[in-house]
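Now for the letters of each chain:
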Number of protein chains: 2
Amino acid sequence: MIHPGTGQPVTPDMLDPLFGRELIKQEFSTERWIEIPEEVRQILAQWRCTPLYRARQLEKALDTPAKIFYKYEGVSPSGSHKTNSAIPQVYYNKLQGIKYIATETGAGQWGSALAMACNHFGIESRVYMVKVSYNQKPYRRALMEIFGATVFPSPSDTTNAGRAVLEKDPECTGSLGMAISEAVEATVTHPNTRYCLGSVMNHVCLHQTVIGLECITQMELADAYPDIVIGCCGGGSNFAGIAFPFIGRMLQGKEKIRAIGVEPAACPSLTKGKYAYDFGDTAHMTPLIKMCTLGSTFVPPGFHAGGLRYHGMSAMVSHCMNQGLMEAVSFPQLETFAAGVQFARAEGIVPAPESTHAIAGAIKEALKCKEEGTSKTILFNLSGHGHFDMQAYIDYNAGKLKNYAYPENEIAMALAGLPNVKG
Amino acid sequence: MIHPGTGQPVTPDMLDPLFGRELIKQEFSTERWIEIPEEVRQILAQWRCTPLYRARQLEKALDTPAKIFYKYEGVSPSGSHKTNSAIPQVYYNKLQGIKYIATETGAGQWGSALAMACNHFGIESRVYMVKVSYNQKPYRRALMEIFGATVFPSPSDTTNAGRAVLEKDPECTGSLGMAISEAVEATVTHPNTRYCLGSVMNHVCLHQTVIGLECITQMELADAYPDIVIGCCGGGSNFAGIAFPFIGRMLQGKEKIRAIGVEPAACPSLTKGKYAYDFGDTAHMTPLIKMCTLGSTFVPPGFHAGGLRYHGMSAMVSHCMNQGLMEAVSFPQLETFAAGVQFARAEGIVPAPESTHAIAGAIKEALKCKEEGTSKTILFNLSGHGHFDMQAYIDYNAGKLKNYAYPENEIAMALAGLPNVKG
């Protein structure tokens, strides 16, 4: 991370006003293993280990020789993998005596996980929710409110960052980048408050690796090992969670895998972005991070996978991409919903719009196996259920959803504005 | 069961046009154990054994010496215990070569479970959904439609039974009794079609006992045994599922328990109903069943726990009530939602409105323990999650929900019209 003012590397103490201290340590850590605290383990154990399923019905429907496995993170109380990081983040802040936490949320999965965690530890939560999702998903908001969170539609008029956007465009539907700006501002302008981020950061990716680590043990029990590991990519923690433990083994000279990140065609930071230093947010309040980016001023169109509407990508995932340790592929919205419905009919679980991207990726690889007559083992991260996204399915079934064109000009413009940093 | 025309007992062959043959055998069976078929086991095994949780946070919040356990059935793909019966019911019909299944649903939990099961076995499903829920819960309907079901709001204009109701009251919000009439009519007027019922019948209660049987094993692992077993009561299969295995042991001279059925104060068949022969439906197409009933023409008010809006009660549960093997208690709507929110905040899971009744019952007993200074072990059935009922929580939090007055006159009138049968 680089300080945008000085051009010098960010040091841990600079992040102190923003993040819990233990989390900053984790962010900068070079340790291979960091122990999960006992109190965090006890909470996670309510639903972890999450199930690893063989998608036998989907295999049958696709008539593929591939073996498809999926890790189902939707069994967590908030319905997605996000609780894996929300619980430890709030736990460490609580240890430090923090009383308030501000955060952003896209589709609301992170927001509900954080609200649930804050409620558990008796901390007040303020959630800036991307406006398009705030309107599309009132039940997500209701879930956060049940857990005692205060939820603002972002851009909101409660921060300078939000007001600046609204002044230019009162109809702005928001983006994760904007919501991050607002949450960061709300943090530094309120006492005894820290910021929590649901993806992107190293410590978030770290917390999520519990997914892949469990998978390794579970695949062993099933006497199998994946040839291909797939996760959807928004900020990157979903993909990192399932793929990093496998990539780690590969780097140690153990089993080779193909790791595939799947992103929306209308917000394709890995497949079309630039690997460069950029701001993590729209209002440029964060440090500069080297990442695959579409430009911090790019506002992704309002497709339903709100958790994937982010201009950038985790530095660690971007690094993997740059090092050739992973591949990336993108799908337009309609193809991901078609994959989601096919999956639901086969396996009985209605997936979150974000997770349908991983499913589309898995189906593509399974069909390639069929074409080539090879039997590969495919593992993907079914990161959450779609119970709070039913309106999207209703619209899809009614033919009301559309594919968003690749926003070429907007991205070119945003990329032209990248900060000038060497690195 | 008694034939309403002849006054004679119903024989298995009379039910043949309505139900799958194996299910009829189960309905009349006097066997103590009926094996779960291997193919059914394989499907159920995707999410069973369901978790049994100790409600440590709720205990803390209540400051009670009681130990509270809950069995969480919401991890099933359709989000409730209903899949336990939907899978075997559709399986047996499939074996028999049935192509279409008609059913009714209240809140939509049974409908989604049945739609999912039908989709799995390649059978077409037609679901009559109580109109108040059809309007209150569009996402439940969407879930059924994703699984390929055709969903009608009941009363509908697709059956004589529905049209007759609509003629008298075009604004009628429906009831389970009416929806049953429509589904039964749709069954007998269509070829190669059978009817499936989500509760009430012996075979449905039988299928649900997997819940209590698992609890016995799980409680053993936790080195505990319940003093009190609690389930909510609509048609009765939810309560039967968790309580019958424990009642069975008690009848064998093993551990004594108190089994408590919890029902809505506005539809209190166990606490205020009459134990008498009555029709299972509104249009009087079903046999007469001896049960605790409020009268088959009683239309419960439109409270949110749609799965509990039924005038009658499973014959087996009614028999338990009559024999003093169980107790019953009722709660008004606001108290159940308060219990639901308290539970969600403590345990992280937002419960279905039906399940909040069981929670309210458990909280009442736990508080009694606190008052008396006794440490009882309480087990309740958390039969489903509330992800499709968030509007109800939004309305509750906004102060828009109300308690429905006990509909004394309507029930008295309905009871006055009970058929004149000795038994």
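Quick caveat: nothing in here was measured; it's all calculated off a predicted structure. (Residues numbered from 1 in each chain as written. Chains lettered and ligands numbered in written order. Predicted model: local features only at pLDDT ≥ 70, side-chain atom pairs only at ≥ 80, totals over all residues. Heavy atoms only, no water.)

**Digging into the overall build of chain A**
Looking only at helices and strands, one finds 18 helices and 12 strands in chain A. Relative to a compact globule of 423 residues, whose C-alpha radius of gyration would be 22 Å, chain A shows 20 Å and is just as compact. Relative to its 423 residues, chain A shows a buried fraction of 63%. Expressed as a percentage of contacts within chain A between residues at least 6 apart in sequence, the contacts between residues at least 24 apart total 74%. For chain A, the exposed area adds up to about 15300 Å²; of that, 50% sits on carbon and sulfur atoms. Taking the average location of the 37 positive side-chain charges in chain A and that of its 39 negative ones, the two points are 2 Å from each other. (Helix = DSSP H or I, 4+ residues; strand = E, 2+ residues; numbered from the N terminus. Rg over C-alpha atoms; globule rule 2.2 N^0.38 Å. Buried < 20%, exposed > 50% of the residue type's maximum accessible area, 1.4 Å probe, protein only. Contact = heavy atoms within 4.5 Å. Areas by Shrake-Rupley, 256 points an atom, 1.4 Å probe, with all protein chains shown as cover. Lys, Arg positive; Asp, Glu negative; His and termini not counted. Charge placed at Lys NZ, Arg CZ, Asp CG, Glu CD.)

**Considerations on the interface of chain B and chain A**
Taken together, the 31 residues of chain B in the interface contact 31 residues of chain A. Both sides together, the interface formed by chain B and chain A hides about 2800 Å², and carbon and sulfur atoms give 61% of it. Counting every contact that joins chain B to chain A gives 12 residue pairs in polar contact (both at pLDDT 80 or more). Sorting the residues of the side of chain B that touches chain A by element identifies helix 5 (109-121), helix 7 (138-146), helix 14 (333-347) and helix 16 (390-397) of chain B as the ones contributing at least two each. The element that contributes the greatest number of residues to the side of chain B that touches chain A is helix 7 of chain B, accounting for six residues. (Buried area = accessible area lost by both parts, 1.4 Å probe. Polar contact = N/O pair within 3.5 Å; in protein donor to acceptor, adjacent residues only side chain to side chain.)

**Observations regarding the relation of the copies chain B and chain A**
Superposition record for chain B on chain A: RMSD 0.0 Å, screw rotation 180 degrees, translation along axis 0.0 Å. Viewed as a symmetry operation, the transformation between the two copies matches a two-fold axis. Interface residue correspondence from chain B to chain A reaches 100%, placing this contact among same-surface, isologous pairings. (Least-squares fit on C-alpha atoms with pLDDT ≥ 70 in both.)

**Some remarks on unusual backbone geometry**
Of note, the bond from Arg48 of chain A into Cys49 of chain A is cis; its omega dihedral lies within 30 degrees of zero at 0 degrees. When you line up the elements, Cys49 of chain A lands in the loop between helix 2 (38-44) and strand 1 (52-54). Of note in this structure, Val200 of chain B is not a glycine but carries a positive phi near 70 degrees. The residue Val200 of chain B is located in the loop between strand 6 (193-196) and helix 10 (202-221) in this model. Val200 of chain B sits in the buried class, given a relative accessible area of 6%.

**Comments concerning the packing of aromatic side chains**
All names here are of chain A. In this structure the tally under the stated criterion is 25 aromatic pairs over all chains. Relative to Phe380, the ring of Tyr70 lies with its centre 5.7 Å away and its plane at 20 degrees, an arrangement referred to as stacked. Taken together, the residues Tyr70 in strand 2 (residues 67-72) and Phe380 in strand 12 (residues 377-382) connect sequence positions 310 residues apart. Given the relative accessible area of 0%, Tyr70 is considered buried. Between Tyr91 and Tyr92 the ring centres are 5.3 Å apart and the planes differ by 65 degrees, which places this aromatic pair in the edge-to-face class. Relative accessible area serves as the criterion here: at 9%, Tyr92 is assigned to the buried category. Aromatic rings pair up to connect Tyr53, Tyr70, Phe343 and Phe380 into one cluster. Taking the ring centre of Tyr134 as reference, the NZ or CZ of Arg141 above it sits at 4.1 Å. Of note, Arg309 hangs over the ring of Phe303, and the distance from its end group to the ring centre comes to 5.9 Å. (Phe/Tyr/Trp six-rings, centres within 6.5 Å; stacked < 30°, edge-to-face > 60°. Lys NZ or Arg CZ within 6 Å of the ring centre and 35° of its normal.)

**Quick look at the sheet that holds strand 11 (residues 327-331) of chain B**
Residue and element names in this part refer to chain B. Strand order in the open sheet formed by six strands is 1-2-12-7-8-11, and the pairing between neighbours is mixed. Both edges of this open sheet fall to strand 1 (52-54) and strand 11, since each of them pairs with a single strand only. Taken pair by pair, the neighbouring strands of this sheet meet at an average axis angle of 25 degrees, ignoring direction. With three bridges connecting them, strand 1 and strand 2 (residues 67-72) associate as antiparallel partners. Paired with Tyr53 across the two strands is Tyr70, which belongs to strand 2. Packed onto the sheet, helix 14 meets strand 1, strand 2, strand 11 and strand 12 (377-382) and runs at close to 95 degrees relative to strand 11. (Pairing = 2+ DSSP bridges. Axes fitted to C-alpha atoms, helices over the stretch in contact; angles between N-to-C directions.)

**Quick word on the side chain of Gln218 of chain B**
Residues and elements named next belong to chain B. In this fold, Gln218 is placed in helix 10. Within the local environment of Gln218, its side chain forms a polar contact with the side chain of Lys71, the two groups lying 2.7 Å apart. Each residue touching Gln218, except ones within four places of it in the same chain, is listed here: Cys49, Thr50, Pro51, Leu52 and Lys71.

**Focus: the environment of Ile411 of chain B**
Residue and element names in this part refer to chain B. Secondary-structure assignment places Ile411 in helix 17 (residues 408-416). A residue is classified by how much of its surface remains accessible, and Ile411, at 1% relative accessible area, is buried. Note: C-alpha distance between Ile411 and Trp110 (301 residues apart in sequence) is 26 Å. Among all residues touching Ile411, those that are not within four sequence positions of it are Pro268, Leu294, Phe298 and Tyr406.

**Structural notes on the side chain of Ser76 of chain B**
Tracing the sequence through the fold places Ser76 of chain B in the loop between strand 2 and helix 4 (83-95). Beyond its immediate chain neighbours, meaning those up to four positions away, Ser76 of chain B contacts Trp47 and Thr83 of chain B.

**Examining the domain arrangement of chain A**
Accessible area lost upon the coming together of the parts serves often as the stated size of an interface. Residues and elements named next belong to chain A. Domain parsing of chain A yields domain 1 (39-79 + 208-416) and domain 2 (82-195). Between domain 1 and domain 2, the contact holds 37 residues from the first and 34 residues from the second. Of all residues in domain 1, Ser78, Met285 and Phe388 bury the most surface against domain 2, accounting for 22% of the area lost on that side. Remark: the boundary between domain 1 and domain 2 carries one salt bridge. Run the count over domain 1 and domain 2 and you get 14 residue pairs in polar contact (both at pLDDT 80 or more). Elements with a contribution of two residues or more to the side of domain 1 that touches domain 2: helix 2, helix 11 (210-221) and helix 16 (353-372). The residue inventory of the side of domain 1 that touches domain 2, partitioned by class, reads 15 nonpolar, 15 polar and seven charged. (Domains from an automatic or database assignment. Salt bridge = Lys/Arg side-chain N within 4 Å of Asp/Glu carboxyl O. Nonpolar A, V, L, I, M, F, W, Y, C, P; charged D, E, K, R; others polar.)

**Topic: the layout of surface pockets**
All names here are of chain B. There is about 1600 Å³ of room inside the largest pocket. Taken together, 49 residues form the lining of the largest pocket, with Glu31, Arg32, Leu206, Thr209 and Phe244 sitting closest to its centre. Elements with a minimum of two residues in the lining of the largest pocket: helix 1 (21-28), helix 2 (38-44), helix 4, helix 10, helix 11 (237-251), strand 10 (288-293) and helix 13 (315-322). A breakdown of the residues in the lining of the largest pocket according to their chemical character gives 28 nonpolar, 11 polar and 10 charged. (1 Å grid on protein atoms, 1.4 Å probe; cavity = no way out; pocket = protein on both sides within 12 Å on 5 of 7 lines; lining within 4 Å. Points joined across faces, edges and corners; volume = space filled by probe spheres on them.)

**Here's the deal with the pattern of salt bridges**
Using the criterion set out here, one finds 24 salt bridges over all chains in the structure. With its nearest N and O atoms 3.3 Å apart, the salt bridge here joins Glu35 of chain A to Arg41 of chain A. For Glu35 of chain A, a relative accessible area of 60% translates into the label exposed. For the salt bridge of Glu214 of chain B with Lys71 of chain B, the shortest nitrogen-to-oxygen distance reads 2.6 Å. With Glu214 of chain B in helix 10 and Lys71 of chain B in strand 2, this residue pair connects regions lying 143 residues apart in the sequence. Like Glu214 of chain B, the residue Lys71 of chain B is buried in the burial classification. Among the charged side chains, a salt-bridge network with shared partners connects Arg48, Lys71, Glu73 and Glu214 of chain A.

**Here we look at the sheet that holds strand 3 (residues 100-105) of chain A**
Residues and elements named next belong to chain A. Strand order in the open sheet formed by four strands is 5-4-3-6, and the pairing between neighbours is parallel. Two strands lie at the open edges of the sheet, namely strand 5 (150-154) and strand 6 (193-196), each paired on one side alone. For this sheet, the mean angle separating the axes of adjacent strands, direction not counted, is 20 degrees. Its contacts with the sheet place helix 9 (residues 176-188) against strand 3, strand 4 (124-130), strand 5 and strand 6, and it is angled at close to 170 degrees to strand 3.

**Examining the packing of helix 7 (residues 138-146) of chain A against helix 16 of chain B**
Running from N to C, helix 7 of chain A and helix 16 of chain B point in directions that differ by 55 degrees, and their axes come no closer than 9 Å. Classified by the interaxial angle, the pair formed by helix 7 of chain A and helix 16 of chain B is oblique. Relative to helix 16 of chain B, helix 7 of chain A is oriented so that their crossing is left-handed. Packed against helix 7 of chain A, whose contacting residues are Pro138, Tyr139, Ala142, Leu143 and Ile146 of chain A, the element helix 16 of chain B presents Met390, Gln391, Tyr393, Ile394 and Asn397 of chain B at the interface. (Parallel < 35°, antiparallel > 145°, perpendicular 65-115°, else oblique. Left-handed = near helix turned anticlockwise from the far one by under 90°.)

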